[in-house]
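Observations on the model geometry
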Amino acid sequence: MTIQTNDEHEGRFLLNNEADIRALPNKLQRRRSRVTGHFEKNNNIFSTCLLEVGKSAVILDDTCDETISNRILASTQLLFSSVCGGAPVSFVSSQIERCIFEGVAAFSIPVPTTVHWIQRREYFRLPTPVIEPAMCEIVLDNGEIARNPLSDISVGGIGMLAQASFPTLKQGARFGSCRIDLPEFGKLTSDIRICNSASITLGNGIPAKRYGCQFIDLPHQERSQLQHYMSNHELTMRANHTHS
């Protein structure tokens, strides 16, 4: 199973060298980074972390739900995604099995043959604050104006959260003049395109939807405004991490 990219230029973000491939999962494991596993044609997700990166296998934390674990084990296509050094990283596996790691049930997958790592700054997706999140104001097809919090943001686009009951936004749909409210940094306006969607469960256990959206022709001035917001927020995150 290979990683499929939407654009030909994204191929340059694929790591094929064995040393590079091993380096990224090792970083994720050392930093105890959370990893999101996507299964059943990416329609469902689970949260895990890397416990060990061996010579031929990667060991991941099992879920606490036996039913979900069995569905994961029955999957023949899995996508794993995380963030390393502020940049998105992902890899796929067509095999997964249960194992015992340090006396506890865990998952085992083969060491990936390729890893997708977007290192260019413009593609970095930065998590937005939970307490005072950035918001997206979007006009729906029925004329209703919705305000949804963002889960993450980059110069290229946003991750927009919505309630599970929120009207379904079709992949490829374009919405004009959406307003992005950046706390303490003002508002910017841009058309967005829906690139992907997923049903997720928030940290408080509430089901939700996440829409991956691309900015369309974001003006230079507003791009600079967004970069300023991201730089400031990233510095705040690093400072909080240093003092925690």
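Residues numbered from 1 in each chain as written. Predicted model: local features only at pLDDT ≥ 70, side-chain atom pairs only at ≥ 80, totals over all residues. Heavy atoms only, no water.

1. Regarding the confidence of the model for the protein
Looking at the protein as a whole, the pLDDT averages 85, with 87% of positions reaching at least 70. Per-residue pLDDT stays below 50 along residues 1-10; that stretch engages in 18 contacts with residues further than four places along the chain or on separate chains. (pLDDT = per-residue confidence, 0-100. Contact = heavy atoms within 4.5 Å.)

2. What about the pairing of strand β13 (residues 157-163)?
Taking burial as the measure, the seven residues of β13 include six buried ones, the bulk of the element. Across three bridges, strand β12 (residues 145-153) lies against β13 in antiparallel orientation. Bridged to L150 within β13 is M160. What sits between the antiparallel neighbours β12 and β13 is a turn of three residues. (Buried < 20%, exposed > 50% of the residue type's maximum accessible area, 1.4 Å probe, protein only. Helix = DSSP H or I, 4+ residues; strand = E, 2+ residues; numbered from the N terminus. Pairing = 2+ DSSP bridges.)

3. Things to note about the environment of N17
For N17, the position within the fold is in the loop between β1 (14-15) and α1 (18-30). The exposure class of N17 is partly exposed, given its relative accessible area of 42%. Along the backbone, N17 and T113 are 96 residues apart, and their C-alpha atoms lie at a distance of 8.5 Å.

4. Notes on the nonpolar core
Ranked by internal contacts, the top residues of the largest apolar core, which has 29 residues, are I138, I153, I158, L169, I180, L182 and L226. Contributing elements (two or more residues each) for this core: β11 (135-139), β12, β13, β14 (174-182), β15 (186-201), β16 (207-216) and α3 (220-243). Here the element with the most residues in this core is β14; it accounts for four residues. In this structure, I180 is in contact with M135, C136, L150, I153, I158, G186, K187, L188 and F215, ignoring residues within four places of it in sequence. Counting residues in hydrophobic clusters, the runner-up holds 23 residues, among them L50, L78, I109 and W117. (Core = buried A, V, L, I, M, F, W, Y, C linked by side-chain atoms within 4.5 Å.)

5. A few points about the pairing of β14
Direction of pairing for β11 relative to β14: antiparallel, over a ladder of three bridges. In the strand pairing of β14, M135 is matched with D181. As paired elements, β14 and β15 share seven bridges and run antiparallel to each other. In the sheet register, D181 faces β15, and the bridge partner there is K187.

6. Concerning the side chain of E222
Within the fold, E222 resides in helix α3. R179 is the oppositely charged side chain nearest to the buried, salt-bridge-free E222, at an N-O distance of 7.7 Å. Non-local contacts of E222, meaning those with residues more than four positions away in its chain, are made with K187, L188 and T189. (Lys, Arg positive; Asp, Glu negative; His and termini not counted. Salt bridge = Lys/Arg side-chain N within 4 Å of Asp/Glu carboxyl O.)

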